[in-house]
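What the coordinates show
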Amino acid sequence: MVTTPSQQSQTSDQHKLMRDRVVLITGASRGIGAATAKLLGQQGAAVGVNYYGSEAAAQQVVEAISSEGSRAVAVKADVRDPQQVSAMVQQVTETFGSIDTLIINANANFPIAPFTDYQWEDFEAKLLGELKGAFFPCKAIVPSMIEQQRGCIIAISSGLSRDPGEGFIAHSTAKSGLDAFIKSLALELGPYEIRANVVAPGLTLTDATAQLPQEYKEASAQRIPLKRNGLPEDVAGAILLLASEEARFVTGAYLPVSGGIQML
Ligand SMILES: NC(=O)c1ccc[n+]([C@@H]2O[C@H](COP(=O)([O-])OP(=O)(O)OC[C@H]3O[C@@H](n4cnc5c(N)ncnc54)[C@H](OP(=O)(O)O)[C@@H]3O)[C@@H](O)[C@H]2O)c1
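Anyway, here's the lowdown on the structure attached to this text.

What counts, and where the lines are drawn
Residues numbered from 1 in each chain as written. Predicted model: local features only at pLDDT ≥ 70, side-chain atom pairs only at ≥ 80, totals over all residues. Helix = DSSP H or I, 4+ residues; strand = E, 2+ residues; numbered from the N terminus. Expected span 1.5 Å × (residues − 1). Buried ≥ 20, exposed ≤ 12 C-beta atoms within 10 Å, placed from the backbone. Arc of directions from axis to C-beta. Contact = placed C-beta atoms within 7 Å. Axes fitted to C-alpha atoms, helices over the stretch in contact; angles between N-to-C directions. Parallel < 35°, antiparallel > 145°, perpendicular 65-115°, else oblique. Left-handed = near helix turned anticlockwise from the far one by under 90°. Nonpolar A, V, L, I, M, F, W, Y, C, P; charged D, E, K, R; others polar. Pairing = 2+ DSSP bridges. Near = placed C-beta within 6 Å.

Things to note about helix α4 (residues 82-96)
The terminal C-alpha atoms of α4 lie 21 Å apart, and with 15 residues this matches the ideal 21 Å at 1.5 Å per residue to within 8%. Every buried residue belonging to α4 is among Val85, Met88, Val89, Val92 and Phe96, and all of these are buried. All buried residues of α4 fall inside an arc of 95° around its axis, so they share one side. In this structure, α4 carries Gln83, Gln90 and Glu94 as exposed residues pointing more than 90 degrees from its buried face. Packing partners of the buried residues in α4 comprise β1 (22-25), β2 (46-51), β3 (72-76) and α5 (120-148). One or two positions beyond α4, positive phi appears at Gly97, with a value near 100°.

Encoded structure:
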């Protein structure tokens with residue numbers, strides 16, 4: 001049977017893993033969030049691309065998604081502010097319909113320093129930043145997920161939530177809180193067909209790690225069984241797996257994306 005180009009494009013759209021899905025990704029202007037927005041867009045999702053300071057970069061992500069034939073909108077919000085988060089969720093919902101997939105990714109910055117030098121103010125800012133960035137988007141979106149009886153929440157944690165790293169005490173503590181938050185959601189929201197999972201990257205080459213000394217990154221790569229540091233696209237691939245319908249019976253999971261370092 002001969003198929004027309006339009007029939008072929010419809011058939012390939014049907015095979016996209018995120019077709020008919022509406023996704024909001026926090027901190028999607030750069031790094032892991034940007035790579036995830038592009039991949040989920042390629043796979044057919046309509047994507048809310050949240051940014052805080054990098055409007056031009058967020059617009060570039062939107063353009064990249066649009067050029068592949070999917071829909072996207074850039075939405076400014078500080079994820080630590082409940083009013084801004086509500087306005088962002090409203091904007092994405094009015095543009096694309098109810099959000100069914102939330103990726104909690106925005107990076108809460110922190111100083112790398114030993115405990116003896118750590119100031120409470122910096123520690124508190126990291127803890128609150130990380131947990132507000134999860135709590136407020138969930139608070140704004142979960143009610144509509146419950147109404148739809150479907151939803152998927154993925155939080156980007158870190159391998160350091162389970163294993164300590166020198167100077168990373170605030171990050172480890174905050175991310176382990178995030179892991180516990182997501183497990184609790186997985187338990188409470190399971191009866192509404194809402195899944196909640198954690199993706200835990202190892203060292204990934206983004207702006208957040210650009211300042212680390214080259215020798216540190218090379219030594220890190222050597223310790224990793226797959227012998228390289230992660231790329232944003234590596235993490236995006238794992239997020240796609242968990243977000244897709246193929247992972248429909250996976251909830252409360254913690255998926256390391258670290259080239260195998262978590263085994264050692
Ligand atoms: N890179 C790593 O090695 C690594 C390892 C483990 C876990 N992670 C986690 O992966 C996630 C992404 O990290 P990344 O390396 O991709 O970071 P990144 O390249 O520094 O990008 C950070 C993103 O977060 C956004 N952001 C920061 N503060 C925000 C706020 N208050 N409200 C909304 N958006 C905000 C930024 O937006 P603007 O630029 O628009 O301000 C940007 O899009 C983080 O949760 C991080 O902890 C990263």
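Brief notes about the packing of helix α2 (residues 31-42) against helix α8 (residues 232-243)
Contact pair α2 / α8: the axes reach a minimum separation of 8 Å and the direction vectors enclose 50°. With respect to each other, α2 and α8 are oriented oblique. For the crossing formed where α2 meets α8, the hand is right-handed. Every residue of α8 that contacts α2 at Gly31, Ile32, Ala34, Ala35, Thr36, Leu39 and Leu40 is listed here: Pro232, Glu233, Val235, Ala236, Gly237, Ile239, Leu240 and Ala243. Residues that form the contact of α2 with α8 fall into these classes: eleven nonpolar, three polar and one charged.

Section: the sheet that holds β1
Strand order in the open sheet made by the seven strands is β3-β2-β1-β4-β5-β6-β7, with parallel pairing throughout. A strand with exactly one partner marks an edge of an open sheet, and here the two such strands are β3 and β7 (254-257). Each strand axis lies, on average, 20° off the axis of its neighbour in the sheet, ignoring direction. Bridge count between strand β4 (residues 101-104) and strand β5 (residues 151-156): four bridges; the pairing is parallel. The partner of Leu102 across the bridge, within β5, is Ile153. Contacts between helix α6 (residues 169-189) and the sheet are confined to β5, β6 (194-201) and β7, with β6 contributing the most and set at about 160° to the helix.

Focus: unusual backbone geometry
For Asp20, which is not glycine, the phi torsion reads 65° and is therefore positive. Mapped onto the secondary structure, Asp20 falls in the loop between α1 (5-14) and β1. Owing to 11 C-beta atoms within 10 Å, Asp20 belongs among the exposed residues under this scheme. If you check the backbone angles, Gln149 has positive phi at about 55° while not being a glycine. Tracing the backbone shows Gln149 in the loop between α5 and β5.

Side note on the site of the ligand
Close to the ligand lie 28 residues, the nearest being Gly27, Gly31, Tyr52, Ser54 and Thr206. Breaking the shell around the ligand down by element, the ones donating at least two residues are α2 and β2. Among the elements that make up the shell around the ligand, the one with the highest residue count is α2 (three residues). Of the residues contributing to the shell around the ligand, the split by class is ten nonpolar, 14 polar and four charged.

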